[in-house]
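# Coordinate inspection notes
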Amino acid sequence: QAKILEDIFVTFFRIIRKGGSNSPLLPVTMECIARYSHLINMELVCDLLEALSSLVRADNLPLESSFQCAVAALRTLRGPGAALQMDDSEYVAHVYKLLPRVVSCSLDVQDQVVPVAMESLREAFVVRREHSLPRAAAFVKRMLTVATTLVRSEHTLAMLSFARLISNRYGTLSQLADSGEDRVL
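The following paragraphs examine the structure supplied in this document. Worth saying up front: this structure is predicted, and the values here are computed from it rather than measured.

Okay, the overall build of the chain next. Broken down by element type, the chain carries eight helices and zero strands. The order of α-helices and β-strands along the chain, N terminus first, is α-α-α-α-α-α-α-α. Taking 185 residues into account, the globule formula puts the C-alpha radius of gyration at 16 Å, and the chain, at 18 Å, falls close to it. Taken along the three principal axes of its C-alpha coordinates, the chain extends 60 × 40 × 25 Å. In the chain, which comprises 185 residues, the share counted as buried stands at 43%.

Shown next as C-alpha cells:
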C-alpha cells in the first residue's frame, strides 16, 4: 500500500511540475493531495511542500485550485509535516490574498469556490489556533468585507458565521465590534 501511495503522489508531482497551472487535471490533483496528504511518508513531505509553494508563488492558478493548494499545504503541515515544524504563514497569507477574488467570480464559480475557501479558512484557524491576534483580526475584517459583497445569501451567511467563529476563538477580537464609548479603559 505504501508503494501504491508513493506512485500516486509521484503522478501528482508530475501533473504539478509539467502541467502547472494550465493542466486540466490540477483541480482534481489538488483535491486528492488535500484528502490523502496525511498518509504520505516524510520523504515526500518536503517535495510536496516545495511543489505547493511553487504553485502558490506562480500566482496564475484558477481560484478553486489556489484554495485547494492552500488546504493541501495546511493539511500536510498539520499531518506528516508537523515533525518538520515548518511555518505555514506563506499559505495563510495566500488564503488572505485570495479572499477578495471570490467576489469577482461568476455565481457558478462562487458555488464551487466558497466551500473550498471556507475549508481553507477552517484549516488555518479552527484546526490550528496559534495565529497572532493582528492576523486573526485582519482575516475577520477581510471576511466581513467579502461577505458584504457576495450575492448569494448562503455564501454571505457562511462567511459571516465563520468570522464570528474566529472572533469567538480569539476572545479579544470582539473589541473590533465595540464602539469606543462602550469600552472601559
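Counting across every chain of the model gives four aromatic pairs. Ring centres of Phe9 and Phe12 lie 5.3 Å apart, and the angle between their planes is 80°; this geometry places the pair in the edge-to-face category. Of this pair, Phe9 and Phe12 both sit in helix α1 (residues 2-19), three residues apart, which is roughly one turn of that helix. Just as Phe9 is buried, Phe12 falls in that class too. Centroid distance Phe125 to Tyr170: 6.4 Å. Interplanar angle 75°. Geometry classified as edge-to-face. One end of the pair, Phe125, is in helix α6 (residues 107-126); the other, Tyr170, is in the segment after α8 (153-169), with 45 residues separating them in the sequence. Accessibility assignment for this pair places Phe125 and Tyr170 in one class, buried.

Between its first and last C-alpha, helix α7 (residues 133-149) extends 25 Å over 17 residues, near the 24 Å set by a 1.5 Å rise per residue. Looking only at α7, the buried set comprises Ala136, Ala137, Phe139, Val140, Met143, Val146 and Ala147. In this fold, the buried residues of α7 make contact with α5 (89-98), α6 and α8.

So, on to the pattern of salt bridges. Going through the model one piece at a time under the given rule, you end up with nine salt bridges. By sharing partners, the salt bridges in this structure join Arg75, Arg78, Glu119, Arg122 and Glu123 into a single network.

This part is about the environment of Arg122. Relative to the assigned elements, Arg122 resides in helix α6. The spacing of Arg122 and Ile166 is 44 residues in sequence and 9.4 Å in space, taken between C-alpha atoms. Not counting chain neighbours up to four residues away, the residues in contact with Arg122 comprise Arg75, Val127 and Phe162.

So, on to the nonpolar core. Residues Phe67, Leu121, Met143, Met159 and Ile166 are the most contacted members of the largest nonpolar core, which totals 57 residues. Of all the secondary structure elements, the ones that give two or more residues to this core are α1, α2 (26-36), α3 (42-58), α4 (63-78), α5, α6, α7 and α8. Counting residues per element, this core draws most heavily on α4, at nine residues. With residues up to four places along the chain from it excluded, the contact list for Leu121 reads Val95, Leu99, Val126, Phe139, Met143, Met159 and Phe162.

Within the element layout of this structure, Ser54 appears in helix α3. Between the alpha carbons of Ser54 and Ile16 there is a distance of 9.4 Å; along the sequence they are 38 residues apart.

Bringing the side chain of His94 into the picture now. Following the sequence through the fold, His94 ends up in helix α5. With a relative accessible area of 4%, His94 lands in the buried category. Those residues in contact with His94 that sit more than four places away from it in its chain are Val56, Ser66 and Ala70.

Thresholds, definitions, all that
Residues numbered from 1 in each chain as written. Predicted model: local features only at pLDDT ≥ 70, side-chain atom pairs only at ≥ 80, totals over all residues. Heavy atoms only, no water. Helix = DSSP H or I, 4+ residues; strand = E, 2+ residues; numbered from the N terminus. Rg over C-alpha atoms; globule rule 2.2 N^0.38 Å. Buried < 20%, exposed > 50% of the residue type's maximum accessible area, 1.4 Å probe, protein only. Phe/Tyr/Trp six-rings, centres within 6.5 Å; stacked < 30°, edge-to-face > 60°. Expected span 1.5 Å × (residues − 1). Contact = heavy atoms within 4.5 Å. Salt bridge = Lys/Arg side-chain N within 4 Å of Asp/Glu carboxyl O. Core = buried A, V, L, I, M, F, W, Y, C linked by side-chain atoms within 4.5 Å.

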